Amino acid sequence: MDIGSCIRVPNGSCPTSYISRSRCFYGPFIPTQNPIFKASSHVTLPYKIYTCKAALKEANNNIETVGKVKVKPSEMELSSLTAISPLDGRYWNKVKDLSCYLSEYGLIYYRTLVEIKWLLKLSQIPEVFEVPKFSNEAEAKLQGLIDGFNEADAIQVKNIEKITNHDVKAVEYFLKTKCQEDPEIAKVIEFFHFGCTSEDINNLAHGLMLKEAVNYVILPIMDDLINAIYSMAEANAHIPMLSRTHGQPASPTTLGKEMLIFAERLSRERRDISQVEILGKFAGAVGNYNAHVVAYPDVNWPHVAEQFVNSLGLSFNPHVTQIESHDYMAKLFHSFIRFNNILLDFDKDIWGYISVGYFKQVTKVGEIGSSTMPHKVNPIDFENSEGNLGIANAVFDHLSMKLPISRWQRDLTDSTVLRNIGVGLGYSLLAYKSALVGIGKLQVNEVALNKDLDNSWEVLAEPIQTVMRRYGVEEPYEKLKELTRGRAVTKESITEFITKLEIPLEAKTELLKLTPHNYLGVAAQLVNEAFIRHYE
């Protein structure tokens, strides 16, 4: 008998006549109905919250205890084995290409870049004469801080943050420290972060993180995936396959044409993702350039801000509060959700085709499909892709719904949420790679495809009744319904039906040529035309 009850007990005490002390752990309070724990002094204040679990044999008997992890949390070092997130643990090697863009390191790097670029921009504004144009040597020094930024620099920023308890201010102090020995830059060192609120720096950093992670990591793997599916379509453009609508046999198609549909759908969404404008703001504490205007009233600050944001490769948002409104992020993440949903649909269809034998999977020496059934070759890559797409979309959905909402001129809820951009993209990347691996293992099983077609002559009821309509035969649909519905339909029964039709001989001859294998419409043509168009 197992007891898993949660009770409040005073000062860590435990009803030891029933429960072993070694089985008591901190946990949430859940009122218990277990008769062992009756109202008594054990529920008086002060109390701590414990979860007590034990195998009850008899009162006063020895209780068997449960094993416990031998390593204290304080002794654990972060590694692929100890990471809480599987992206940073089990799957690190598959997603690490995103790390330099979307990690804490990446965020610090892009903040550093924005701060330095802003100081350089100030030196180009004639009215800000206190920051004269830098010499080539000083510009090279500042650019070198960007180009040479490394983990040691990021660690130094984090150490400063321990004192400031402010992550953006830590970057400013880091740069002042780096530049205080340079006599030219030291004269204008207080112009780092001039006129800026932290969100001026952060929104541009997040925009650059997203832009470069998507352009350099995500879009290329999307292209690989889309091209792999286009190749499946082209290679199997003429391979006939029984369709299934509502799970029932339907008019034949080709395997390639069904793959083409997914390639085209994914290609459209990929194009939408690449065309989302990534916006940036640089308008001060509440979006009005208040402090800028007081310090330098003759400068056209909105124009300067637009030039600066555009110089970073971002589009300018002129009308903001303290924060850039994040609407573009919602648009981008919704586009990812649509792309991922289409790929999830693909994963499920391929899983089904493997299940009915339309595809075989290339086996790899040493791989095990089941711990108990040696014959199994599981479609694990498509299952992994499906599962990780679900996690990615859950994150993207929350980001899309939460980020555009901010109380009044700003609240900080976006700050912690934005740190999870890499989670959504990481699980997406993982899913794309899994799907690609799965595609690489697929082999078409024409024997299974042909067998299903051979057993589905009833699908010819559609073209026969359509030709009957053309030539004025009464109740064609009803006649075919009587022939096919709920009955076994064979080549012989179809041939006999066609032979007896009162239609022109030429039409009858053409119908007699039809089989489930060649009743394919223009499926192959659709594939070939789309394939050529895609690679033009």
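As the structure is a computational prediction, the values presented were derived from the model and not from experiment.

## Describing helix α4 (residues 136-147)
Stage number 1. Between its terminal C-alpha atoms α4 stretches 16 Å, which fits the 16 Å expected from 12 residues at 1.5 Å a residue.
Stage number 2. When α4 is considered as a whole, its buried residues turn out to be Ala 138, Leu 142, Leu 145 and Ile 146. Seen along its axis, α4 keeps its buried residues to an arc of 110 degrees; they face one direction. Exposed side of α4, more than 90 degrees from the buried face: Asn 136, Glu 137 and Asp 147 are the residues found there.
Stage number 3. At its buried positions, α4 is contacted by α3 (104-122), α6 (167-179) and α7 (183-186).

## Looking at the confidence of the model for the protein chain
Stage number 1. Scored by pLDDT, the protein chain has a mean of 87; 84% of the residues are at 70 or more.
Stage number 2. pLDDT under 50 marks residues 1-32. Its contacts with residues more than four places away, or in other chains, come to 97 contacts.
Stage number 3. Every residue in residues 34-50 scores below 50 in pLDDT, and together they form 44 contacts with partners more than four places removed in sequence or on other chains.

## What about the side chain of Thr 254?
Stage number 1. Among the secondary structure elements, Thr 254 is positioned in strand β5 (residues 248-254).
Stage number 2. At a separation of 3.0 Å, a polar atom in the side chain of Thr 254 contacts the main-chain amide nitrogen of Lys 257.
Stage number 3. Excluding residues within four positions of it along the chain, Thr 254 makes contact with Asn 236, Ala 237, His 238, Ile 239, Pro 240, Met 241, Leu 520 and Ala 523.

## Observations concerning the packing of aromatic side chains
Stage number 1. Considering all chains together, one arrives at 22 aromatic pairs under this definition.
Stage number 2. Centroid distance Tyr 105 to Phe 149: 5.7 Å. Interplanar angle 50 degrees. Geometry classified as tilted. Taken together, the positions of Tyr 105 in helix α3 and Phe 149 in the loop between α4 and α5 (151-164) put the pair 44 residues apart, joining distant regions of the chain.
Stage number 3. Among the aromatic side chains, those forming a connected cluster through ring pairs are Trp 118, Phe 191, Phe 194, Phe 282, Tyr 296, Trp 301 and Phe 308.

## Looking at unusual backbone geometry
Stage number 1. Phi is positive for His 246, which is not a glycine, with a value near 60 degrees.
Stage number 2. Mapped onto the secondary structure, His 246 falls in the loop between β4 (240-245) and β5.

## Here we look at the pairing of β5
Stage number 1. Pairing of β4 with β5 involves five bridges; the strand directions are antiparallel. Residue pairing in the sheet places Ser 243 in a bridge with Ala 250 of β5.
Stage number 2. Connecting the antiparallel pair β4 and β5 is a turn made up of two residues, with His 246 showing a positive phi of about 60 degrees.

## Description of the pattern of salt bridges
Stage number 1. If you walk through the whole model with that rule in mind, you get 23 salt bridges.
Stage number 2. The salt bridge involving Glu 190 is made with Lys 176; its shortest N-O contact spans 2.9 Å. Linking Glu 190 in the loop between α7 and α8 (198-235) with Lys 176 in helix α6, this pair joins segments that are 14 residues apart in sequence.
Stage number 3. Under the relative-accessibility criterion, Glu 190 is labelled exposed at 55%.
Stage number 4. Relative accessible area serves as the criterion here: at 14%, Lys 176 is assigned to the buried category.
Stage number 5. Salt bridges sharing common partners tie together Glu 104, Arg 111, Lys 158, Glu 161, Asp 167 and Arg 419.

## Description of the layout of surface pockets
To find the voids left in a structure, one rolls a probe of water-molecule size over its atoms.
Stage number 1. A volume near 730 Å³ is recorded for the largest pocket.
Stage number 2. If you trace the largest pocket, you find 24 residues lining it, with Asp 88, Ser 99, Leu 102, Ser 103 and Glu 104 closest to the centre.
Stage number 3. If you list the elements that add at least two residues to the lining of the largest pocket, you get α1 (92-95), α2 (99-102), α3, α8 and α15 (421-440).
Stage number 4. It is α15 that contributes the most residues to the lining of the largest pocket, four residues altogether.
Stage number 5. For the lining of the largest pocket, the class distribution of residues is 12 nonpolar, nine polar and three charged.

Reading the values: rules and limits
- Every chain begins its residue count from 1, and numbering advances along the sequence as written.
- Residues qualify for local features only when their pLDDT is at least 70, as the model is predicted, and side-chain atom pairs are given and counted only at 80 or more; totals for whole chains, interfaces and linings, by contrast, use all residues.
- Side-chain figures throughout are based on the complete set of non-hydrogen atoms in the structure, without hydrogens or water.
- Secondary structure elements follow DSSP: runs of H or I no shorter than four residues count as helices, runs of E no shorter than two count as strands, and numbering proceeds from the N terminus.
- In this scheme, a helix's expected span is set at 1.5 Å multiplied by one less than its residue total.
- Accessibility here uses a 1.4 Å probe with only protein chains present; expressed as a share of the type maximum, an area under 20% marks a residue as buried, one over 50% as exposed, and anything in between as partly exposed.
- Think of the arc as the fan of directions from the helix axis to the C-beta atoms.
- It only takes one pair of heavy atoms within 4.5 Å for two residues to be counted as in contact.
- The predictor reports its confidence for every residue as pLDDT, a score running from 0 up to 100.
- Contacts described as polar in this section are N or O atom pairs within 3.5 Å, which, within protein, must combine one atom able to donate a hydrogen with one able to accept it, while residues neighboring in sequence count only if both atoms come from side chains.
- Whether two aromatic rings pair depends on their centres lying within 6.5 Å, for rings of Phe, Tyr and Trp, where Trp uses its six-membered ring; planes under 30 degrees apart make the pair stacked, over 60 edge-to-face, and the rest tilted.
- Only when DSSP finds a minimum of two bridges between them are two strands counted as paired.
- Within this document, salt bridges are pairs made up of a side-chain nitrogen of Lys or Arg and a carboxyl oxygen of Asp or Glu, the two lying within 4 Å of each other.
- The pocket and cavity definitions rest on a 1 Å grid over protein atoms only: a 1.4 Å probe that fits but cannot leave marks a cavity, an open set with protein on both sides within 12 Å along at least five of seven lines marks a pocket, and residues lining either have an atom within 4 Å of a point.
- Grid points are joined across faces, edges and corners, and a volume is the space filled by probe spheres set on the points.
- The classification used treats Ala, Val, Leu, Ile, Met, Phe, Trp, Tyr, Cys and Pro as nonpolar, Asp, Glu, Lys and Arg as charged, and all other residues, Gly among them, as polar.

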